[in-house]
Amino acid sequence: MLNTIQTLLQADNQDVSPINVMSLMSLNTTNPAADPMDAGVSTPQGVHVSTPTSTQLSGLMSTDLQELLNLITFIVIQAVILFPGIFLNALNIYVFLRVGLGDTVAVSFFALSLTDMGCLIIAAYNWLCYTLYRLPGGWSVDMFSLMYLGVWYFQAVYDVSMLITTYTAVQKCCCITSPLHFKSVFTKTRTKIIITIFWAFCIASYAPLLATQGLQKTFNSKTNSSIYTIWFAANREEIVGANDIIVRIILQNACEAIVITCLFILIYSLRRQSQFRHSASVQSFSSGSQFSSRDALNKISAKELQVIKSVTLVSTIFVTCNFPRIVLSVARTVVPEMDTFRRYHNIHLTLQMIRRVIEVSGASGNFIIYYRFNTRFKDVVSSIFT
């Protein structure tokens, strides 16, 4: 596929007729990319290429419908979620610093806010590039190429966020199952080291891939002008394949399975805690002499209960927003034509853009959880706006 794309990118010096970018993306080739939002490529605007000899197949969705849905989801709906999400994550970071990173959960949530903020900033960059790409204009740089270059950076930061969420869920499960050893194992220093390792792992995983792409100046003899377009290294397909195995297959599914397992444990703990508190309240009412000690115990349990609830909801958001990514990966495996530059390219690209909007929603929604279940967080936020 990469050879085909690069041939098309270099075809501007030939006596050929122009074709629409989205029409080119409907071509059926034998080597599809891994993921249109993660590895999808389009011919730059203004580049003239040969009229395709392969049959253009729209599959289950026409190109016009695809462009309309992408306009609604990726440009309009995503903007409504994206920019408030950037503000709320900036607020998260500020409030956590004001409250103080006094425990491992606070450190994890602060780090999660930083990575979510990074995801949303890159998503805003992608949104801007795609919006400009859809608008008429004589840009000296192909906007679709610029958008594509940022997609893999989003994925790298998103994977750090995924690992931090998984670690937080495991951490709270260990607090429940092994409370005597929890504080000695999950210290703030170790949490910071582990989060640093997550960053190092993701950088090491994506650095080889990011080194295989860039921009190059391409001359168009028809318009007698130059435009910067995307280029790929010859070994890119092998590196993308290795990244797919490490991240898409092993890491992604392992994190999803671990977090789901932790969710069951956390939900079971919440139910037991609720039953215990109800039982303690009944006994303290019938025994006035024990009321003070039991009341103190309930207060401690209530504080821990809020933390469990917040971790449970953050984990639930992750599982929900990450699930479409897994489903689409499985669909691509089961139905090979459901991929970039294949028969069902149009519906595949649309679903991938919807998936990206869902991921942006997940990165934007944690503020509500922190505000609802963290009293000190809520107090600082209230003081800011009063």
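Scroll up to find the structure this text is about.
Just so it is clear, the structure is predicted and the values come from calculations on it, not from any experiment. (Residues numbered from 1 in each chain as written. Predicted model: local features only at pLDDT ≥ 70, side-chain atom pairs only at ≥ 80, totals over all residues. Heavy atoms only, no water.)

Looking at the state of the cysteines
- Enumeration according to the criterion identifies 0 disulfides in this entry.
- Free cysteine: cysteine 173, not disulfide-bonded; nearest cysteine sulfur from cysteine 262 at 3.6 Å.
- Judged by relative accessible area, cysteine 173 falls into the buried class, the value being 5%. (Disulfide = S-S within 2.5 Å. Buried < 20%, exposed > 50% of the residue type's maximum accessible area, 1.4 Å probe, protein only.)

Things to note about the packing of helix H3 (residues 63–99) against helix H4 (residues 104–134)
- Direction vectors running N to C along H3 and H4 enclose 150 degrees, while the axes themselves pass 8 Å from each other. When you trace H3 past H4, the crossing you get is left-handed. (Axes fitted to C-alpha atoms, helices over the stretch in contact; angles between N-to-C directions. Helix = DSSP H or I, 4+ residues; strand = E, 2+ residues; numbered from the N terminus. Left-handed = near helix turned anticlockwise from the far one by under 90°.)

Things to note about the environment of histidine 348
- Position of histidine 348 relative to the elements: it lies in helix H10 (residues 345–364).
- Note on histidine 348: relative accessible area 1%, which makes it buried.
- When the C-alpha atoms of histidine 348 and alanine 331 are compared, they prove to be 9.5 Å apart, with 17 residues separating the residues in sequence.

Comments concerning empty space enclosed by the protein
- Under the criterion given, the structure shown has 3 cavities of 30 Å³ or more.
- If you trace the largest cavity, you find 15 residues lining it, with Asp116, Tyr158, Ser161, Gly362 and Ala363 closest to the centre.
- Counting residues per element, the ones that place at least two in the lining of the largest cavity are H4, helix H5 (143–177), helix H9 (291–334) and H10.
- When its residues are assigned to classes, the lining of the largest cavity shows 9 nonpolar, 4 polar and 2 charged. (1 Å grid on protein atoms, 1.4 Å probe; cavity = no way out; pocket = protein on both sides within 12 Å on 5 of 7 lines; lining within 4 Å. Points joined across faces, edges and corners; volume = space filled by probe spheres on them. Nonpolar A, V, L, I, M, F, W, Y, C, P; charged D, E, K, R; others polar.)

Concerning the packing of aromatic side chains
- For the coordinates displayed, the defined rule picks out 15 aromatic pairs.
- For the ring pair phenylalanine 109 and tyrosine 370, a centre distance of 4.9 Å and an interplane angle of 40 degrees mean the geometry is tilted. Of this pair, phenylalanine 109 sits in helix H4 while tyrosine 370 sits in helix H11 (residues 366–373), and the two are 261 residues apart along the sequence. Like tyrosine 370, phenylalanine 109 is buried.
- Centroid distance tyrosine 130 to tyrosine 133: 5.8 Å. Interplanar angle 35 degrees. Geometry classified as tilted. On the criterion of helical spacing, the pair formed by tyrosine 130 and tyrosine 133 is a turn pair, its members being 3 residues apart in helix H4.
- Grouping aromatic residues by their ring pairs yields a cluster made of Phe96, Phe109, Phe367, Tyr370, Tyr371 and Phe377.
- Above the face of the phenylalanine 373 ring, arginine 372 is positioned so that its terminal group lies 4.8 Å from the ring centre. (Phe/Tyr/Trp six-rings, centres within 6.5 Å; stacked < 30°, edge-to-face > 60°. Lys NZ or Arg CZ within 6 Å of the ring centre and 35° of its normal.)

Describing the pairing of strand E2 (residues 225–232)
- Alignment of strand E1 (residues 213–220) against E2, held across 8 bridges, turns out to be antiparallel. Each bridged residue has a counterpart across the sheet, and for glutamine 213 the counterpart in E2 is phenylalanine 232.
- The hairpin formed by E1 and E2 contains 4 residues between the paired strands, and asparagine 224 there has a positive phi angle of roughly 55 degrees. (Pairing = 2+ DSSP bridges.)

Observations regarding the environment of proline 84
- Examined against the element boundaries, proline 84 turns out to sit in helix H3.
- Its relative accessible area of 39% is what places proline 84 among the partly exposed residues.
- Taking the C-alpha atoms as reference, proline 84 lies 7.6 Å from serine 364; in sequence the two are 280 residues apart.

As for H11
- Listed as buried for H11 are Asn366, Phe367, Ile369, Tyr370 and Phe373. On an axial view of H11, the arc spanned by its buried residues comes to 160 degrees, and they lie on one face. Exposed and facing more than 90 degrees away from the buried side of H11 are Ile368 and Arg372. (Arc of directions from axis to C-beta.)

Description of the side chain of asparagine 126
- Secondary-structure assignment places asparagine 126 in helix H4.
- When sequence neighbours within four positions are dropped, the list of residues in contact with asparagine 126 reads Phe74, Met147, Gly150, Val151, Phe154 and Arg356. (Contact = heavy atoms within 4.5 Å.)

Some remarks on the nonpolar core
- Core analysis: the largest hydrophobic core is formed by 71 residues, its most contacted members being Leu82, Val95, Phe109, Tyr130, Ile164, Tyr370 and Phe377.
- Here the element with the most residues in this core is H4; it accounts for 16 residues.
- For tyrosine 130, the residues in contact, after removing those within four places along its chain, are Asn70, Phe74, Ile75, Phe144, Met147 and Met353. (Core = buried A, V, L, I, M, F, W, Y, C linked by side-chain atoms within 4.5 Å.)

Quick notes on the packing of H4 against H10
- As a packed pair, H4 and H10 sit with axes 9 Å apart at the nearest point and diverge in direction by 140 degrees. Considering only the axes of H4 and H10, their crossing is left-handed. Here H4 contributes Asp116, Leu120, Ala123, Asn126 and Tyr130 to the contact with H10, which in turn contributes Met353, Arg356, Val360, Ala363 and Ser364.
- Residue composition of the contact of H4 with H10, by class: 6 nonpolar, 2 polar and 2 charged.

Examining a nonpolar patch on the surface
- There is a patch of nonpolar side chains on the surface, built from Leu65, Leu68, Leu71, Ile72, Val76, Ile77 and Val80 and spanning about 570 Å² of accessible area.
- The topology assignment puts leucine 71 in helix H3. (Patch = residues over 30% accessible without salt bridge, like charges linked within 9 Å, V, L, I, M, F, W, Y side chains within 5 Å. Areas by Shrake-Rupley, 256 points an atom, 1.4 Å probe, with all protein chains shown as cover. Salt bridge = Lys/Arg side-chain N within 4 Å of Asp/Glu carboxyl O.)

Notes on H3
- Helix length check: H3 (37 residues) gives 50 Å between terminal C-alpha atoms against 54 Å at 1.5 Å per residue, within 8%.
- Largest kink in H3: about 45 degrees, centred on glutamine 78.
- Looking one or two residues past H3, glycine 100 carries a phi angle of roughly 105 degrees, positive in sign. (Expected span 1.5 Å × (residues − 1). Bend = angle between axes of the 7 residues up to and from the residue.)

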